[in-house]
Amino acid sequence: ISSLIDDSEIYRETILTLIAHVNELNKVGALPSNDAEAIINTLRSLAKEPYKPSDEYEDVHEYIEAMLIQRLGNSGGWIGLGRSRNDHVATALRLRLRRLIIEIASSIIELRRVALNKAIETADAVIIGTTHRQPAQATTLGHYMLYLDELSRDFLTNLLSIYETVNKSPLGSGPLAGTMVKLNRVREAEELTFNGIVENTAYATGSRYFMLAAASITVSYLVELGRFINNIEMWLMPQLNYVTLEPSHLATSSIMPHKRNPATLEVFRARIGEAVGHLTSMYSIERPVEAGYQLDLQEETRHAWLIMRIAIDGVGIIADLLRGIKVNEERVKEDLAKYPVTAAEYAELMSMSRGIPFRDAHREVAVMIKEGKNPGINPVEAIRGKEVLGSPNPSIVIESAKARLIELSSIETRVKELEVRVNKAEAELMGG
Ligand code: ARG
């Protein structure tokens, strides 16, 4: 039943929680000041030591309490007053998760910056976009970069909103229905720079909605990002050869000297599959559990950390990959001549210029294609001629990317402020 190994993720956060708790006990006069001071000093030195508990303890909370008693004698036992592991683990989880959210947000900001700069660089680089895995319309890599940016922007918005859900304090809630100690929960929340408290003590200790919410939007994003990976892999197939990557993302075969396998993409795609599995585990574990704390919740936690790790590592790898991606314009040109990817535009222009219903123009163009002709217009003109907002028209792409870059730097400032605030409060609790 032990969570000792998983608890390494929240060792520091558990100590921060305990320091805030002891400070509060001291402020309400529930324990002698000199004992409070000694406990806090010991907690701070424990934080500097490596987390190496022997396996006789059930979890990090028991371990730290045992260390306090070992070093301070019986007065270390004050730590248990007004505390439940249920409210303390919930607090530590939220402290850890808010930091991971800041980390993911920062890696998304970097990915967006790369995608937006690449959008500007490749606003003219024609590529054949697919639907149904078949040549569909001429577009540009720049246009696809703005797709990735908009997806990442939506995720970032959701992430920062869920940060507010996570960043609330369950501390002082006891095991379920509070404690007889007159803890000031708002003051404790302020000390840990939480933005307020999780009010209901049973919800504060027994719910993991904050964790499910963060994990589920992250996995939704990863699944969508994975589809993008599939596009890159498709474009990399020698049969298409529309793009090239830096060699650091490619691996050769031990027997086939000609191979250039997109190794990082393949591994990340598999990890995304694992993340889906971890989220499914979280749902499955939590679903049968009543609203109060049960150890099932302990077993749910590690899946959340694994999802966050997959996201942080993978997003960094994709950003690195996109920095070095290039379009093989000559190869794309060959296929532009081969497939009628501007037939839709041709039919539209025919409909409008001849004043005939689109269905008639469509039929006429379909007949031409059946006869082996390749009706269409110059793909560059097709792209440039589109004035529709969000289309691949290079001037629209560049203008939009530039505006997004400006917007991005203000989001970055906001995320940095969150990080600075968290760092400052935690450093203070740790004694600077
Ligand atoms: N180790 C547990 C967890 O990670 C917290 C302890 C709660 N244990 C208990 N018997 N109430 O969730």
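Notes on the structure follow. Here the structure is a predicted model, which is why all the values come from computation and not from measurement.

1. A closer look at the overall build of the protein chain
(1) Moving on: Of the regular secondary structure elements, the protein chain holds 15 helices and four strands.
(2) Moving on: For 432 residues, the compact-globule formula gives about 22 Å, and the C-alpha radius of gyration of the protein chain, at 28 Å, lies well above that figure.
(3) Moving on: Principal axes of the C-alpha set define a box for the protein chain whose edges measure 90 × 55 × 40 Å.
(4) Moving on: When each of the 432 residues of the protein chain is scored for burial, the buried share is 49%.
(5) Moving on: Pairs at least 24 apart in sequence give 77% of the contacts found in the protein chain among residues at least 6 apart.
(6) Moving on: When the accessible area of the protein chain is evaluated, it comes to approximately 20,400 Å², of which 54% is carbon and sulfur surface.
(7) Moving on: Across the protein chain, the 48 positively charged side chains and the 57 negatively charged ones have centroids separated by 4 Å.

2. Brief notes about the nonpolar core
(1) Moving on: Ranked by internal contacts, the top residues of the largest apolar core, which has 119 residues, are L43, I64, L97, I232 and L322.
(2) Moving on: With sequence-adjacent residues up to four places away left out, L43 is seen in contact with I15, L18, I19, V22, I64, L68 and I79.
(3) Moving on: Within the second largest apolar cluster, five residues are counted, among which are A343, M350, A361 and V365.

Each value, and the rule that gives it
- Residues numbered from 1 in each chain as written.
- Predicted model: local features only at pLDDT ≥ 70, side-chain atom pairs only at ≥ 80, totals over all residues.
- Heavy atoms only, no water.
- Helix = DSSP H or I, 4+ residues; strand = E, 2+ residues; numbered from the N terminus.
- Rg over C-alpha atoms; globule rule 2.2 N^0.38 Å.
- Buried < 20%, exposed > 50% of the residue type's maximum accessible area, 1.4 Å probe, protein only.
- Contact = heavy atoms within 4.5 Å.
- Areas by Shrake-Rupley, 256 points an atom, 1.4 Å probe, with all protein chains shown as cover.
- Lys, Arg positive; Asp, Glu negative; His and termini not counted.
- Charge placed at Lys NZ, Arg CZ, Asp CG, Glu CD.
- Core = buried A, V, L, I, M, F, W, Y, C linked by side-chain atoms within 4.5 Å.

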